[in-house]
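Architecture at a glance
Listed here are the chains, written in short residue letters.
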Number of protein chains: 2
Amino acid sequence: MTTTSRNVVSTLGADGKLTVELVEEEIADPVGHEVLLRIDAAAINPSDLGLMFGPALLDQAEFSPGKIVAPMPEAAVKALSGRVGDAIRVGNEGAGTVIAAGEEPEAQALIGKRVSGRPGGLFSNYRIADARTCMELPEDLPIESAAASFVNPMTAVCFVETMRQEGFKGLVHTAAASNLGQMLAKLCKEEGIPLVNVVRKPEQAEILRSIGMEHIVDSSQDDFNASLIEAIEATGALLAFDAIGGGNMASRLLSAMDAVCMKGAAYNRYGSEEMKKVYIYGTLDFGPTILDRSFGFTWDVSGWLVMRYFMSLPKDRQDWVRERIVKGLRSTFASKFKHRITLDELFQREVAIACNAKTTGEKYLLTPNG
Amino acid sequence: MTTTSRNVVSTLGADGKLTVELVEEEIADPVGHEVLLRIDAAAINPSDLGLMFGPALLDQAEFSPGKIVAPMPEAAVKALSGRVGDAIRVGNEGAGTVIAAGEEPEAQALIGKRVSGRPGGLFSNYRIADARTCMELPEDLPIESAAASFVNPMTAVCFVETMRQEGFKGLVHTAAASNLGQMLAKLCKEEGIPLVNVVRKPEQAEILRSIGMEHIVDSSQDDFNASLIEAIEATGALLAFDAIGGGNMASRLLSAMDAVCMKGAAYNRYGSEEMKKVYIYGTLDFGPTILDRSFGFTWDVSGWLVMRYFMSLPKDRQDWVRERIVKGLRSTFASKFKHRITLDELFQREVAIACNAKTTGEKYLLTPNG
């Protein structure tokens, strides 16, 4: 027997056009450790949008039922040449109900249960996953939290783990009013970690104020640099996680950190001796990262990927991360979505463009089976 | 008794003008561990030029005997606000003869000897140093090598030490035909370390070819990216030391490294999993560092300072670094200078501008006592 599924697939053509479409597939019955998930809901995260649409020009795209064909900026086609011709499934995280299972006991034990996992390609009606990598979810966990129980909670917990592992005493986070940012804010509060929340709009500052955050700085304000220095001084936060990537945010963060470290010290053209670090983990801005190096020589800017970081941890720390996630699924890591859409609705012009705008507070939940 | 000395001092005024001048000073006789050095020769390194002139507009400066007053670009004044009003002595490395010493045996033992050390302010006739930080030099070591026995040799040896400490298998070096670059090239050959030499002009490539270097790539050539990828593939060098700082060199190095790591692999929008790293240790280009992030998420760009790195090493590794330097003073680390100038000549318009141009193969040696 097989099960018919429709899957969201993104393909960049050699002609520089990106095609996103619903592709039908027959899924064979699960065997061994496999389980067959009926996808209840999948979160549409920035990382999914990056894979699905990337820098494609959606406003110039052709839309038809189950199909979007969009031009790509020329520079992007070059940068993405590695994926030309690859049909890539989309959907990093979601929750599904196990409706069939292979013969192994670990698989059989999950029949009828709701689980989250990371098989990828979750923007689908059905998907095969490995039972050993699934996380069983409480039956009464709201579907929204279930759908978003993996990427953001793990990212927030791994930010904290990175900070502790590297001996920093506080964190700076940009795009701090995002779903992830709010989770991190609550987590830091619970763990007693000083956090500087950097936002880009007054209404985002308001979101964080409403959940009791103390150090909120708004880069759209004239006094941003002074406020940032003040907040970093108050928190001692010399490690930042930056979701923006492009532009001069990393540079401004490092300059502010250096200014705090140099307060009261004699001039030193090499800057302060304390390590000041920014991890770039997102690409809200596809433009280049611009570092003016006005912050001496003891600094570090690095890329950061949650799964590579998590896999690099020793077993006992991985266990701690998982336990910390489960502990907070109904509180710290509870998720809300503003919009629910079906697979078909994702291919409507207005929906696709609004969803891809990644507007704070406007997150989309995909419910592939209605 | 006192000794009269003239010292090069650089001061940035609140009005945004930089004054570099010869300042007379009476030096008290040495006591305790102190020794009084008559400076035989001091190397004029890029780091000295950075402190002395920085981004000042020398072509618009007023020159008079023993005094240069130069305007600074507005952005630079802001970046350098920390040094406004500080009278900063110049001269990081040089060799001098001990002509008087404090009563301590370590100091007395050096009387009449030629030493190098790092008291700073060596662009002077005389200077006090701590005997315990001086390195005694062989009497017959040529004065040029003696004058340059500290900063560049230590930097080259510490590049190698960093590479080994972090588990990399080869090095990329930019501005590779510099004095330092040639030392590194010889050192890597002796130590069996694969090295990619990146230069900016054909004549610089020729210099490296003449000392037997194999992997030389010229960023002024059209096939630079392809040649760079080829050289990185041949050497496995995923760690670079960049003297340029500004512009997109770091970005191009990381892109080439990622391209090598991704060869034959399936497309991965997160880039290759191997760590790819660039240390920025110089500022030949004062402009911003521009990273296009076309190299995935497993990368690192950091500032690097030789003395901070050296001081972070455990004692046994510091000893190894010192021994490796002494071993190579007549060969690997022998220095040549194109020009010799006196303290007074440094303040002549043509000399100051030519010296500050940091042209490869045109290094200046300062002989303060003629």
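Just so it is clear, the model here is predicted, and its values are computed rather than measured.

Okay, the packing of aromatic side chains next. Residue and element names in this part refer to chain A. Under the definition given, this model contains 16 aromatic pairs over all chains. Taking the centre distance of 6.0 Å and the plane angle of 70° together, the rings of Tyr270 and Phe297 count as edge-to-face. Highlighted residues: Tyr270 in the loop between α9 (249-262) and β16 (276-280) and Phe297 in the loop between β17 (285-291) and β18 (299-303), separated in sequence by 27 residues. On the basis of relative accessible area, Phe297 is assigned to the buried category, the value being 13%. A network of ring pairs unites the aromatic residues Phe159, Phe241, Tyr279, Tyr281, Trp304 and Tyr309 as a single cluster.

With respect to the element layout, Gly117 of chain B can be found in strand β8 (residues 114-117). Taking the C-alpha atoms as reference points, Gly117 of chain B and Asn197 of chain B, 80 residues apart in sequence, are found 30 Å from one another.

With that settled, the discussion passes to the nonpolar core. Counting 158 residues, the largest nonpolar core has Leu171 of chain A together with Leu171 of chain B as the members making the most contacts within it. Among residues more than four places away in sequence, those in contact with Leu171 of chain B are Phe159, Val160, Met163, Leu184, Cys188, Pro194, Leu195, Val196, Ala237, Leu239 and Phe241 of chain B. Counting 41 residues, the second-largest nonpolar core is a separate cluster that includes Val8, Leu343, Leu346 and Cys355 of chain A.

The next point concerns the pairing of strand β12 (residues 195-199) of chain A. All names here are of chain A. Counting buried positions along β12 gives 5 out of 5 residues, so the element sits mostly inside the fold. Both faces of β12 are covered, namely the face carrying Leu195, Asn197 and Val199 and the face carrying Val196 and Val198. Here 4 bridges tie strand β11 (residues 171-174) to β12, and the two strands are oriented parallel to one another. The residue bridging Thr174 from the neighbouring strand is Val198, located in β12. For the handedness criterion, the β-α-β arrangement of β11, helix α6 (residues 179-191) and β12 is classed as right-handed. Pairing of β12 with strand β13 (residues 215-218) involves 4 bridges; the strand directions are parallel. Bridge pairing links Val196 to His215 in β13. For the crossover from β12 across helix α7 (residues 202-210) to β13, the handedness is right-handed.

Cut-offs applied
- Residues numbered from 1 in each chain as written.
- Chains lettered and ligands numbered in written order.
- Predicted model: local features only at pLDDT ≥ 70, side-chain atom pairs only at ≥ 80, totals over all residues.
- Heavy atoms only, no water.
- Phe/Tyr/Trp six-rings, centres within 6.5 Å; stacked < 30°, edge-to-face > 60°.
- Helix = DSSP H or I, 4+ residues; strand = E, 2+ residues; numbered from the N terminus.
- Buried < 20%, exposed > 50% of the residue type's maximum accessible area, 1.4 Å probe, protein only.
- Core = buried A, V, L, I, M, F, W, Y, C linked by side-chain atoms within 4.5 Å.
- Contact = heavy atoms within 4.5 Å.
- Pairing = 2+ DSSP bridges.
- Right-handed = clockwise from strand over helix to strand, strands pointing away.

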